[in-house]
Amino acid sequence: MLAFEPTHGHGVYLQDANGREVLDFYGGHAVAALGYGHPKLTEALVSQARSLQFQSNIVPMKIRDQAADALAKFAPDGLDRVFFVNSGAEANENALKLALKLTGRNKIVAMEHAFHGRTAAAAAVTWGAANSWYGFPRMPMDVEFVPRDDIDALEAALDADTAGLIIEPVQGLAGGYDFSKEFMHAARSLTQRVGAMLILDEVQTGMGRLGQPFGAQLYEVQPDLLTTAKGLAGGFPAGAVIMSNDIAKQLGAGELGTTFGGAPMACAAIIAVINVIREENLLERVRTTSNEIMQKCITGPITGLQGHGYLLGLVGERKAAAVRNALLEKNILTGTSSAPNVLRLLPPLILESDHVDQLAAALKEIA
Ligand SMILES: Cc1ncc(COP(=O)(O)O)c(C=O)c1O
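Bear in mind that the values here come from a model prediction, so they are computed numbers and not experimental data.

A. Structural context of the sheet that holds strand S13 (residues 302-308). Strand order in the open sheet made by the 3 strands is S13-S14-S16, with antiparallel pairing throughout. Of all the strands in the sheet, the pair left with one neighbour each is S13 and strand S16 (342-345). Taking the axes of each pair of neighbouring strands and ignoring which way they run, one obtains an average angle of 25° across the sheet. Looking at chain direction, S13 and strand S14 (residues 311-316) are connected through 6 bridges and run antiparallel. Of the residues in S14, the one forming a bridge with Gly307 is Leu312.

Take a look at the structure:
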């Protein structure tokens, strides 16, 4: 745990009880899409709390329809149906279940170094989990991992038993590893060829983080199923599985279920997040400011950079944990990754140029 205990937040800054202010380049694992205390998000939550704090999906609710509609419009064309859940792992669990069930097959192909969550199926497709923290006595399906960007290996792994391929367009925990466009396009055409579903895990890459609504639009790849969470409701717990009408039509009543998913507070927050991203032109902001990070932050201990938008891995020779600690001493919060030498940046989408200058200056001062 870090040596900083925030009690307040405003914009891209966190503050502790003693008034120490820290510039946040990590966003609470990519969740604080609008930073802290955004007036429109606060107002949406307060106003929903006043009118109706909870009801489940046993009843129709206008706010849920509005949130689903807003999210479907934000998502790639053709993905028009939304099932709301509570977290990234739950979204992936449901997407994997749909792929297995609707194809009637029993194997999922996943990428080396991937992270998809800590529940049984999501963890089964998470690289390295089976040998470390998995914890369940057996896997819920067959899983084959493929080296990143290896199109031949992918082609060999996808066979007539394959229900789906799950992939993060930019791997988050792995340190902002961005797949080549060729590989992502091959992922689409090769899954189609064997009748397997393409599941894009956009839990971390979604909701504008890559400078497009989703990685699907950045890479121009149409998935069968898309999952998202983290920044979706700006800090209120929420996740979603987004799919086509064709897939939704194949689902029977009660096949997907949840108590809290799609509850009104989360829906109010989701609508506010999408509205603010549009009104404040945050996708454009992410694209331009990300370029500034790329130009200015290869300095001090940093020798290279990977990723897209505001999901960036700063690569260096020193251990990322040491660089992160040194930056925190200078009141800048960053994150590590599963790659020991890659420091991860996941700032709120409202981050601006002068914050980048502060990070670049702090990095320069670190020997
Ligand atoms: C790409 C990806 N998928 C899934 C998850 C799991 O999400 P959650 O922690 O909300 O269950 C994460 C969390 O870090 C993630 O980065």
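Let's pick the thread back up.
B. The nonpolar core, seen in detail. Counting residues in hydrophobic clusters, the biggest one holds 124 residues, and the most contacted among them are Leu71, Ala240, Ala269, Ile270 and Val273. Here the element with the most residues in this core is helix H10 (residues 264-279); it accounts for 12 residues. Taken domain by domain, the makeup of this core includes at least three residues from each of domain 1 (6-30 + 281-365) and domain 2 (41-279). The residues touching Ala240, leaving out its near neighbours within four places in the chain, are Leu71, Val82, Phe83, Phe84, Val85, Ala91, Thr228 and Leu232.

C. Up close: the site of the ligand. In the region of the ligand, 15 residues are neighbours, and Ser87, Gly88, Ala89, Gly117 and Val203 sit closest. Counting residues per element, the shell around the ligand draws most heavily on helix H4 (residues 88-103), which supplies 3 residues. Class assignment for the residues of the shell around the ligand results in 5 nonpolar, 8 polar and 2 charged.

D. How the structure looks around the domain arrangement of the chain. Looking at the chain, the domain boundaries give domain 1 (6-30 + 281-365) and domain 2 (41-279). Taking only C-alpha atoms into account, the centre of domain 1 sits 26 Å from that of domain 2. Mapped by element, the contributors of at least two residues to the side of domain 1 that touches domain 2 are helix H1 (27-30), helix H11 (282-296), S13, S14 and S16. Per element, the largest residue contribution to the side of domain 1 that touches domain 2 is 5 residues, and it comes from H11. Along the lines of polarity and charge, the residues of the side of domain 1 that touches domain 2 split into 10 nonpolar, 9 polar and 2 charged.

E. Just the sheet that holds strand S6 (residues 142-146), in detail. An order of S4-S12-S11-S10-S7-S5-S6 is seen for the 7 strands of this open sheet, with the pairing classed as mixed. Lying at the two open borders of the sheet, with one neighbouring strand each, are strand S4 (81-85) and S6. The mean inter-strand angle of the sheet, taken between neighbouring strand axes irrespective of direction, is 20°. Sheet topology places strand S7 (residues 162-167) next to strand S10 (residues 197-201); 4 bridges connect them, and they run parallel. Following the sheet pairing, Leu165 is matched in S10 by Leu198. Across the sheet, H4 lies against S4, strand S5 (107-111), S7, S10, strand S11 (225-228) and strand S12 (239-243), angled at about 165° from S11, the strand it touches most.

F. Structural view of the environment of Gln171. Along the polypeptide, Gln171 turns up in strand S8 (residues 170-171). Under the C-beta neighbour-count criterion, Gln171 is labelled buried, with 29 such atoms within 10 Å. Measuring from C-alpha to C-alpha, the distance between Gln171 and Asp77 comes to 23 Å, with 94 residues separating the pair along the chain. Those residues in contact with Gln171 that sit more than four places away from it in its chain are His113, Ala114 and Tyr177.

G. Layout of helix H13 (residues 353-365). Counted at 1.5 Å a residue, the expected span for H13 with its 13 residues is 18 Å, and the 19 Å between its end C-alpha atoms agrees. Turning to H13, its buried residues number three or more, namely His355, Val356, Leu359, Ala362 and Leu363. For H13, the angular spread of buried residues about the axis comes to 125°, placing them on one side. In H13, the exposed positions angled more than 90 degrees off the buried face are occupied by Asp354 and Glu365. Buried residues along H13 sit against strand S3 (21-24), H11, S13, helix H12 (320-329) and strand S15 (332-333).

How each quantity is defined
Residues numbered from 1 in each chain as written. Predicted model: local features only at pLDDT ≥ 70, side-chain atom pairs only at ≥ 80, totals over all residues. Pairing = 2+ DSSP bridges. Helix = DSSP H or I, 4+ residues; strand = E, 2+ residues; numbered from the N terminus. Axes fitted to C-alpha atoms, helices over the stretch in contact; angles between N-to-C directions. Core = buried A, V, L, I, M, F, W, Y, C linked by C-beta atoms within 7 Å. Buried ≥ 20, exposed ≤ 12 C-beta atoms within 10 Å, placed from the backbone. Domains from an automatic or database assignment. Contact = placed C-beta atoms within 7 Å. Near = placed C-beta within 6 Å. Nonpolar A, V, L, I, M, F, W, Y, C, P; charged D, E, K, R; others polar. Expected span 1.5 Å × (residues − 1). Arc of directions from axis to C-beta.

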